[in-house]
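Working through the structure, step by step
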Amino acid sequence: MILIHIVPQNNSEADEIVDLLVERKLILNAMIHENIRVRQKGDSGKIENFNRTLIVGKTKALLFNTIDELLREKYGKNMPVLYSLAIVHMDWEQAEELVQETEKV
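A brief structural summary. (Residues numbered from 1 in each chain as written. Predicted model: local features only at pLDDT ≥ 70, side-chain atom pairs only at ≥ 80, totals over all residues. Heavy atoms only, no water.)

What follows is about the nonpolar core. Core analysis: the largest hydrophobic core is formed by 19 residues, its most contacted members being Ile-4, Ile-6, Ile-17, Leu-21, Ile-67, Leu-71 and Leu-82. Elements with a minimum of two residues in this core: strand E1 (2-7), helix H1 (11-23) and helix H2 (64-75). Discounting residues that sit within four places of it in the chain, Ile-17 has contacts with Ile-6, Pro-8, Ile-55, Leu-71, Tyr-75 and Pro-80. (Core = buried A, V, L, I, M, F, W, Y, C linked by side-chain atoms within 4.5 Å. Buried < 20%, exposed > 50% of the residue type's maximum accessible area, 1.4 Å probe, protein only. Helix = DSSP H or I, 4+ residues; strand = E, 2+ residues; numbered from the N terminus. Contact = heavy atoms within 4.5 Å.)

Positive phi values are uncommon outside glycine, yet Lys-25 reaches one of about 60°. Secondary-structure assignment places Lys-25 in the loop between H1 and strand E2 (30-41). A relative accessible area of 42% places Lys-25 in the partly exposed class. Despite not being glycine, Asn-35 shows a phi value in the positive range, around 55°. Following the sequence through the fold, Asn-35 ends up in strand E2.

Another aspect to go through is the environment of Asn-11. Mapped onto the secondary structure, Asn-11 falls in helix H1. Assessed through its relative accessible area of 32%, Asn-11 is described here as partly exposed. Other than its neighbours up to four places away in sequence, Asn-11 contacts Glu-34 and Thr-53.

Inspection of the entire model under this criterion finds zero aromatic pairs. Looking at Lys-74, its charged tip hangs above the ring of Tyr-75, at a distance of 5.7 Å from the centre. (Phe/Tyr/Trp six-rings, centres within 6.5 Å; stacked < 30°, edge-to-face > 60°. Lys NZ or Arg CZ within 6 Å of the ring centre and 35° of its normal.)

Okay, the packing of H1 against H2 next. Running from amino to carboxyl end, H1 crosses H2 at an angle of 135°, the nearest separation of the two axes being 12 Å. Here H2 runs oblique to H1, going by the angle between their axes. In this structure, H1 crosses over H2, and the sense of that crossing is right-handed. Taking contact as the criterion, the partners of Glu-13, Glu-16, Ile-17, Leu-20 and Leu-21 in H1 are, on H2, Ile-67, Leu-70, Leu-71, Lys-74 and Tyr-75. Across the contact of H1 with H2, the residue classes break down as seven nonpolar, no polar and three charged. (Axes fitted to C-alpha atoms, helices over the stretch in contact; angles between N-to-C directions. Parallel < 35°, antiparallel > 145°, perpendicular 65-115°, else oblique. Left-handed = near helix turned anticlockwise from the far one by under 90°. Nonpolar A, V, L, I, M, F, W, Y, C, P; charged D, E, K, R; others polar.)

Take the pattern of salt bridges next. Side chains that differ in sign of charge can pair as their charged atoms come close. Within this structure, the stated rule accounts for one salt bridge. The partner of Asp-68 in a salt bridge is Arg-72, and the shortest N-O contact between them spans 3.8 Å. Separated by four residues within a single helix, Asp-68 and Arg-72 lie in helix H2, roughly one turn from each other. Residue Arg-72 is classed as partly exposed on the basis of its relative accessible area, which comes to 46%. (Salt bridge = Lys/Arg side-chain N within 4 Å of Asp/Glu carboxyl O.)

On their own, these measurements won't tell you what the molecule is for.
What follows is the structure, given as structure tokens:
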């Protein structure tokens, strides 16, 4: 089991991505965190603040590559940031729901 993190270009793209992944049963559900402040070097070379949106969804580790391919196909060079974190422990009933309600692999 993993938590998949996706950083899209904007809020409407976040909704589009979540809808696509939930409809295809690639994630069970998602939390969308809007207006997360990110500090990084801007085009000028100075460290600046940027607002981003973060999608966090639970899924099976075996579905990561499918999600990656789907998003890469859909967004091409505008591919959102995508990575995952392992879920080490999880409530057994919730884990079973995740197994039953996502795509079979």
